[in-house]
Amino acid sequence: METTSQRISGAESEVMKVLWADSPKPAEEVLAILAKDHGWAEGTVKTLLNRLLKKGAIAADKDGRRFLYRPLIGREDYVDSESQGLLDRLFDGRLAPLVSHFSKREKLNPEDVAELRRLLERIDDGQ
């Protein structure tokens with residue numbers, strides 16, 4: 001799978017979400033979803049598709065008189081990259097200070113805490 005060296009913006013990530021959910025898709029279908037969800041105009045969506053093409057994040061395959069768009073970057077790869085970037089920028093690449101930050105601000109609900117405990121137990125068990 002190809003990767004992009006340029007960061008994907010928040011708006012571009014909304015386009016990616018549409019394509020990760022179901023692709024390939026013509027621009028009209030991408031537009032219909034994003035117009036409904038965000039109120040975006042055709043020009044906005046086409047600009048975002050073109051930016052993603054230039055970044056190498058998506059491909060456009062000719063299908064008759066239209067193009068079908070599909071992601072070249074997997075959602076997991078994107079999440080890994082963005083997560084590591086966040087950790088690097090804000091917490092010197094460390095996860096514990098991030099969790100501490102959220103716990104100090106009472107942003108972790110009991111379900112989050114239980115999930116973290118389960119994850120730590122799995123790590124301790126070597127899974």
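Cut-offs and rules
Residues numbered from 1 in each chain as written. Predicted model: local features only at pLDDT ≥ 70, side-chain atom pairs only at ≥ 80, totals over all residues. Heavy atoms only, no water. UniProt positions renumbered as here; feature names shortened; annotations may be inferred. Phe/Tyr/Trp six-rings, centres within 6.5 Å; stacked < 30°, edge-to-face > 60°. Helix = DSSP H or I, 4+ residues; strand = E, 2+ residues; numbered from the N terminus. Lys NZ or Arg CZ within 6 Å of the ring centre and 35° of its normal. Salt bridge = Lys/Arg side-chain N within 4 Å of Asp/Glu carboxyl O. Buried < 20%, exposed > 50% of the residue type's maximum accessible area, 1.4 Å probe, protein only.

An unreviewed UniProt entry annotates the protein chain as CopY/TcrY family transcriptional repressor of Caulobacter vibrioides. As recorded by UniProt, the Sequence similarities (unreviewed entry) comment attached to the protein chain reads in full: "Belongs to the BlaI transcriptional regulatory family."

**Q** How do you make sense of the packing of aromatic side chains when you look at a structure like this?
**A** Between two aromatic rings, the relevant description is the distance of the centres plus the angle of the planes. Taken as a whole, this structure holds 1 aromatic pair when the rule is applied. Their ring planes at 45 degrees and their centres at 5.4 Å tell us that Trp20 and Tyr78 sit as a pair that is tilted. One end of the pair, Trp20, is in helix α1 (residues 10-21); the other, Tyr78, is in helix α4 (residues 75-91), and 58 residues separate them in sequence. Looking at Lys62, its charged tip hangs above the ring of Phe67, at a distance of 4.9 Å from the centre.

**Q** Explanation requested: the pattern of salt bridges in the structure shown.
**A** Two side chains carrying opposite charge are able to pair once their charged atoms lie near each other. Taken as a whole, this structure holds 10 salt bridges when the rule is applied. Put simply, Glu14 and Lys17 hold a salt bridge, and the shortest N to O gap is 3.0 Å. Of the two residues, Glu14 and Lys17 are both situated in helix α1; the distance of 3 residues between them amounts to about one turn of the helix. By relative accessible area, which is 43% here, Lys17 ends up partly exposed. A salt bridge links Asp61 to Arg70; the shortest N-O distance between them is 2.6 Å.

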